[in-house]
Structure formats: C-alpha cells, structure tokens
Amino acid sequence: MLYHSTRSDNAAVDSAQAVLEGLAPDGGLYMPVSLPNFDWKACLKGSSMDMATAILSALLPDIPNMPELVKKAYTGKFETEDLTPTVCVGDFHVLELFRGPTSAFKDVALSMLPQLLTAAKTAKGMDKDILILTATSGDTGKAALEGFHDVDGIRICVFYPYGGVSQVQRAQMVTQEGSNVAVCAVYGNFDDAQTGVKNIFAACQGKELPYALSSANSINIGRLAPQVMYYFRAYRDLLDAGKIRLGDEVNFSVPTGNFGDILAGYLAKKLGLPVGKLICASNANNVLTDFITTGTYDKRRPLLKTTSPSMDILVSSNLERLLYLLSGDTGLVAALMKQLNTEGFYTVPDDLRAKIQAEFCCGCCDDQRADEVMGRVYRELGYLCDPHTAAGWAAAEDYTAATGDSRPMVVLSTASPYKFPVAVLTAIGGDTSGDEFQQMERLSAISGVAIPKNLAGLQGKEERHPGVIEKDAMLDYVLNL
Ligand SMILES: *Cc1c(COP(=O)(O)O)cnc(C)c1O
C-alpha cells in the first residue's frame, strides 16, 4: 500500500518505507493514498492482539509477519490480557490505557513501534543500525526506553530537562536497563532538549554515520497505527456488556496533546467502526478548542504549565493528518503549515471547518476544574483518575450537558493516577507532604488501589544513567555513543 506526504502527492513510498522514514522528506507526515477496505465486524470478534494484528496488517501491509510482531510486542507486558480494559464509572465508560509497562498510554504504541521498525528494516534490506533520538518531558522517554531496550539493530538515546521531570519519571528513566540505551539530563527546559535533538538531526543530515537516525514521536505512522486497536476493543467491551448493539454509535472523549490519540479514533471510524462524536479535550492550553470552534489555529500565546503536563503543547503535529484526510488537498495543507511556521497561525476554509465540526467536538478545562472532577469522581463514584483523564471527563460532561446526546460515552484514561500523586492527593483531600514515593504510598493507603508494580519497584533501584550535560554538548554526546 502506498503512502505519501500530507504536503504533496508525489514521491509515494510503501508502508514499510514510511515507518522507516518517520517524517516525509518535505516535512509532511505520511498518510495512505487511500484507506483500505476493512472488515470491521470480523475485527471485533478476536482478542485485543487479534484486533491489533488485523488493523496493523490493513494499514501497514508491506510489513510481514504481523501476528508474530504483535505477540512479541504485547505478550506478558500489560497488567491484563485484554491490554486496555474498559470499566463503567457512573454514566460514562473509562477506557484504561495505562495498564502497560510504564503506566502511561504511550506504552500501547511504543511497545509495538520497535517491532514494526525492525521488521521494516529487514523488509527494506537496511543493514545499518537505527538510533532513536528522543527528547522527553516525562512520559514518552520511559515508554520508548521500555519498548526499545535490547531490541536488535536499534539503539535509543533519551534526553530530558534537568529538574524538569517528576521524581518518579526521572527514577523510571535513570534506572533503565539494557545494553543499547543511553539516558542523559540536559541543563535547560524541555524546549531546549527538543531543540537540541532537532539540531542533531540537522547536523547529521548527509553525514556518513554508523547508524540511521530516527525518532519515536507520533509523527511516525508506525506509532499512530497501533493506537487504533483500543477503540475497537472498547466498542467490543460495550457490546459484551450489553450496553450497545452491533452498529450503534459510541462517542469518545480524548485527552489531547499532539492529536495522535484522537486521530487514531478517527482512523478507527474510517475503517468502519461506528464512532459518533470524537471530543477533543484540552487543558488550559486550549489551542485546539479555539481551532475546532473557530477554524483558526493560533499558536501565538504563552505555553502554560498545568497539572496535566503531557497535554501542555501549542503545536499539535497530527492535526496536519486530519486536515489532509478531510480536505484531500495536499497543496492546501502545505500552505497552511507554511503559514503556521512563518506567521504562527492559519485559518481553514469554511467548508473544511464544517467538516471538522461534523466529526469533532471540543472542550477545555483548567487545573481547578480538573481538581474538582478528580475529587468528585473519587468521592461519588469511588474511581481514582489522573489529571489528564479528568480533562477528558470534564469535556465529556460539558458535551453531554450541552447536547443531551444519549449515545454511550467512553472517556480515554491516559495515565495512572500514581504518576501524578500530588495533584490526585490534593483533589481527594489527602496530605501532600513528603517525596513522591511517600505520596504514592499515602494515595494507596487512602484509596485502597495498589501502586502499579513498575512504579513501586523503582525506589532503591540502581541509577545507571546519572549524567547531566550542557545543551551545547548534546551533539558530541550522540557522536560518542
Ligand atoms: C501523550 C499523552 C497525552 C496526549 O496524547 P496525544 O496523542 O499527544 O494527543 C495525554 N495524556 C497523557 C498522559 C499522555 O502521556
């Protein structure tokens, strides 16, 4: 199956090549020339791994042995065999995406991406090792390390801002085992680390290196495609629970940052799954709320720090894929992206805005509202959720109140409450003193919910990667790996 850039119809590549390259040469994102015919009803019948196999085989048909790859990616790594369970909480259903090896939803995709990359490498006869370079504000780094450690033919290097990630997030990364991993702190903030990584890519262009550089973020179709599975899984769980009949539509509310998770929901819909509205939930960084409401995307505003840091983002890369899917016009997408880059904003044509509004709704919530939601959901419904999930819950509530839409609502839960113990303890009225490990213990004592094993086991683990460097030293660090 052929893929081309969202910014031009020329130079199509097959799906294995698209996964290997990540970003298209013109800076656009790879999308299939047309989406495949898909037997969505048959897909709903299997296990979660069967679903993943069917979806990935359809979207990435040039990568062979998909059943094997899926088995390798997921077997024994998640808390439950269905990988992503859906639980009923009050009037909503919560799709728990945080039952993986690092307790963040990025595990679903980053467990699979290494398998896809290695298989694509073999399919394309590429001999060189791949070096995955990633800057992280916390969650992506650890999920990528966990996915890529000890994978043959791939090395991984993660940079994080010194003092800029939580105590638990740092512990997760610096204790990482594996013979092919490097982790290093950088003096500066996340933007400095990210800019440093971009500069390394630029500096290495055209150079003869012993490896090919690649990245683990959601611009790669190989990271996006694995996320389609859990929309099918949630639908099937509602079917099994007798909440819907085959063909009934279901709404999904998605805590959104880079627009990858919610775009996977739209791809599920394009593959036939009866998805109603997709609700794009933001925190106080509500660029997407403004965009979906008005048709103008405007990043010219300060980035606010919130209690849901994985959604603190001003440029949502995967929105470009939606603009392409709904307009089919690569020239338009190229022009809009150029304007975003040079002027900091763009406005889509009215007909495109109408198409977006027909499929998507939006909502945003500040930290205070997220705090209120976490407290109320815990007190009234006995369910502990994290601040990202709370943003999804708030948007779902607002949407339901405003529209009276009675279709079942699934709220995607993207992180374990134990990854954000201060915010969660504050919301449920607990004492927040002590370090994060003490806070986790207290949260567990109050709620009776066990601390995920991977987080509980961190304290006292050997620190293998204690290094810190200046941001100007990042290139040398990589060249000396
Ligand atoms: C990455 C992340 C998100 C945002 O997902 P996108 O695909 O970037 O929209 C939401 N919540 C958590 C906890 C995350 O780690």
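Remember, it's a predicted structure, so these values are computed and weren't measured experimentally. Starting afresh in each chain, residues are numbered from 1 along the sequence in its written order. Predicted model: local features are reported for residues with pLDDT of at least 70 only, side-chain atom pairs are reported and counted for 80 or more only, and whole-chain, interface and lining totals are derived from all residues. Hydrogens are left out, water is left out, and the side-chain values use all remaining heavy atoms of the structure.

Chemist: Just checking my understanding: could you explain the side chain of aspartate 298 for this structure?
Modeler: Among the structural elements, aspartate 298 can be located in strand β12 (residues 296-298). The class of aspartate 298 is buried, set by a relative accessible area of 18%. We call two N or O atoms a polar contact when they sit within 3.5 Å, provided that within protein one can donate a hydrogen and the other can accept it, with sequence-adjacent residues counted only if both atoms are side-chain atoms. Among the polar contacts listed, one links the side chain of aspartate 298 to the backbone nitrogen of arginine 300, at a separation of 2.9 Å. If near-sequence neighbours (up to four positions away) are discounted, aspartate 298 is found in contact with Val287, Gly344 and Phe345. For helices the rule is a DSSP run of H or I covering at least 4 residues; for strands it is a run of E covering at least 2, with both sets numbered from the N terminus onward. Using a 1.4 Å probe on the protein chains alone, a residue whose accessible area is under 20% of its type maximum counts as buried, one over 50% counts as exposed, and one in between counts as partly exposed. What makes two residues a contact is simply this: any of their non-hydrogen atoms within 4.5 Å.

Chemist: Whenever I open this one, the packing of helix α3 (residues 48-59) against helix α11 (residues 229-240) confuses me. Can you help?
Modeler: To describe two helices that pack against each other, one gives the angle between their axes and the distance between the axes. Lines fitted to C-alpha atoms define the axes here, with helix axes fitted over just the stretch in contact, and angles between the N-to-C directions of these axes take values from 0 to 180 degrees. At their nearest, the axes of α3 and α11 sit 9 Å apart, and the two run at 135° to each other. Comparing the axis directions of α3 and α11 gives the class oblique. In this structure, α3 crosses over α11, and the sense of that crossing is right-handed. Facing α3, whose interface residues are Ser48, Met51, Ala52 and Ile55, α11 presents Met229, Phe232, Arg233 and Arg236. Within the contact of α3 with α11, the residues separate by chemical class into 5 nonpolar, 1 polar and 2 charged. Should an angle fall under 35 degrees it is called roughly parallel, over 145 degrees roughly antiparallel, and 65 to 115 degrees roughly perpendicular, with every other angle called oblique. Whether a crossing is left-handed or right-handed is set by the direction in which the near helix is turned from the far one by less than a right angle, anticlockwise for left-handed and clockwise for right-handed. Three classes are used, and their members are as follows: Ala, Val, Leu, Ile, Met, Phe, Trp, Tyr, Cys and Pro are nonpolar, Asp, Glu, Lys and Arg are charged, and the others, Gly among them, are polar.

Chemist: Which parts of the structure should I look at to understand the site of the ligand?
Modeler: Think of it this way: one heavy atom of a residue within 4 Å of a molecule or strand is enough to make that residue near it. The ligand sits among 15 residues. The nearest are Lys106, Gly257, Asn258, Asp261 and Thr414. In the model, an oxygen atom of the ligand is placed 2.7 Å from a nitrogen or oxygen of the asparagine 258 main chain. In these tables, accessible area is a Shrake-Rupley quantity obtained with a 1.4 Å probe, and a residue counts as shielded only by the protein chains included in the view. Relative to its free-state accessible area of 390 Å², the ligand is covered by the protein chains to the extent of 96%. Of the residues assigned to the shell around the ligand, the class counts are 5 nonpolar, 7 polar and 3 charged.

Chemist: I keep staring at the side chain of arginine 236 and nothing clicks. Help me out?
Modeler: By the element assignment, arginine 236 lies in helix α11. Accessibility expressed as a relative area gives 16% for arginine 236, which makes it buried. Within the local environment of arginine 236, its side chain forms a polar contact with the backbone oxygen of glycine 46, the two atoms lying 2.7 Å apart. Once residues lying within four places of it in the same chain are set aside, the contact partners of arginine 236 are Leu44, Lys45, Gly46 and Met51.

Chemist: What am I meant to see in empty space enclosed by the protein here?
Modeler: Two kinds of site are reported from a 1 Å grid over the protein atoms alone, namely cavities, where a 1.4 Å probe fits but cannot get out, and pockets, open sets with protein on both sides within 12 Å along at least five of seven lines, and residues are called lining when an atom falls within 4 Å of a point. Grid points are joined across faces, edges and corners, and a volume is the space filled by probe spheres set on the points. One pass over the full model with this rule turns up 2 cavities of 30 Å³ or more. Volume-wise, the largest cavity comes out at about 40 Å³. Lining the largest cavity we find Thr256, Gly257, Ser282, Asn285, Val287, Leu288, Met311, Ile313 and Ser316. Broken down by class, the residue content of the lining of the largest cavity amounts to 4 nonpolar, 5 polar and no charged. Volume-wise, the second largest cavity comes out at about 30 Å³. Considering only residue class, the lining of the second largest cavity consists of 7 nonpolar, no polar and no charged.

Chemist: Sorry, what's going on with the environment of glycine 147 here?
Modeler: In this fold, glycine 147 is placed in helix α7 (residues 139-148). Under the relative-accessibility criterion, glycine 147 is labelled buried at 10%. A sequence separation of 241 residues divides glycine 147 from histidine 388, and the C-alpha atoms of the two residues are 23 Å apart. In this structure, glycine 147 is in contact with Leu110 and Pro114, ignoring residues within four places of it in sequence.

Chemist: Would you explain the pattern of salt bridges in this entry?
Modeler: Charged atoms that come close allow side chains of opposite charge to pair. Take a side-chain nitrogen of Lys or Arg and a carboxyl oxygen of Asp or Glu: if they are within 4 Å of each other, that pair is a salt bridge. What the rule picks out here adds up to 21 salt bridges. In this structure, arginine 407 and glutamate 249 form a salt bridge, with 2.6 Å as the shortest nitrogen-oxygen distance. Taken together, the residues span a long stretch of sequence, with arginine 407 in the loop between α18 (387-403) and β15 (409-413) and glutamate 249 in the loop between α11 and β10 (250-255) at a distance of 158 residues. In this structure glutamate 249 comes out as partly exposed when scored by relative accessible area, which is 37%.

Chemist: Mind showing me how you'd approach the state of the cysteines here?
Modeler: In a disulfide, the sulfur atoms of two cysteines are covalently bonded to one another. Two cysteine sulfur atoms form a disulfide, by the criterion used here, when they sit within 2.5 Å. For the coordinates displayed, the defined rule picks out 0 disulfides. With no disulfide of its own, cysteine 361 has cysteine 362 as its nearest cysteine by sulfur position, at a separation of 6.6 Å. Residue class for cysteine 361 comes out buried when judged on its relative accessible area of 19%. This cysteine, cysteine 385, is not joined by any disulfide, and cysteine 365 carries the nearest cysteine sulfur, 9.9 Å off.

Chemist: Teacher, can you tell me more about the packing of aromatic side chains here?
Modeler: Any aromatic ring pair is given by two values, namely how distant the centres are and how the planes are angled relative to each other. Only Phe, Tyr and Trp rings are paired, with Trp represented by its six-membered ring, and only when their centres lie within 6.5 Å; those with planes under 30 degrees apart are stacked, over 60 edge-to-face, the remainder tilted. According to the stated counting rule, one finds 12 aromatic pairs in the structure shown. On the basis of an interplanar angle of 70° and a centroid distance of 6.0 Å, the ring pair of phenylalanine 291 and tyrosine 346 is categorised as edge-to-face. Within this pair, whereas phenylalanine 291 is found in helix α13 (residues 287-294), its partner tyrosine 346 is found in strand β13 (residues 345-347), the two being separated by 55 residues in sequence. The same class applies to phenylalanine 291 as to tyrosine 346, namely buried.

Chemist: When you look at the nonpolar core in this model, what are you seeing that I'm missing?
Modeler: The nonpolar side chains of a soluble globular protein tend to be buried with one another. Residues Leu60, Phe232 and Leu323 are the most contacted members of the largest nonpolar core, which totals 107 residues. In this structure, leucine 60 is in contact with Tyr3, Ser15, Val19, Met66, Leu116, Ile221 and Ala225, ignoring residues within four places of it in sequence. Definition of nonpolar core: a set of buried residues of the types Ala, Val, Leu, Ile, Met, Phe, Trp, Tyr and Cys, connected through side-chain atoms within 4.5 Å. Grouped together as the second largest cluster of nonpolar side chains are 40 residues, Cys361, Tyr378, Leu384 and Leu455 included.

Chemist: Got a minute to help me understand a negative patch on the surface in this structure?
Modeler: Together, Asp150, Asp152, Glu177 and Glu462 make up a region of like negative charge exposed at the surface. By secondary structure assignment, the location of aspartate 152 is in the loop between α7 and β7 (154-161). Overall, the relative accessible area of 67% leaves aspartate 152 in the exposed class. Patches were defined on residues exceeding 30% relative accessible area and lacking a salt bridge, with like-charge contacts within 9 Å and nonpolar side-chain contacts (Val, Leu, Ile, Met, Phe, Trp, Tyr) within 5 Å. Positive: Lys, Arg. Negative: Asp, Glu. His and the chain ends are not part of the count. Think of each charge as sitting on NZ of Lys, CZ of Arg, CG of Asp or CD of Glu.

Chemist: Whenever I open this one, the packing of α11 against helix α12 (residues 260-270) confuses me. Can you help?
Modeler: Where α11 contacts α12, the axes come no closer than 8 Å and their chain directions differ by 65°. It follows that α11 is roughly perpendicular to α12 by the angle criterion. α11 and α12 meet at a crossing whose hand is right-handed. Facing Tyr230, Tyr231 and Phe232 of α11, the residues of α12 in contact are Asp261, Ile262, Ala264, Gly265 and Ala268.

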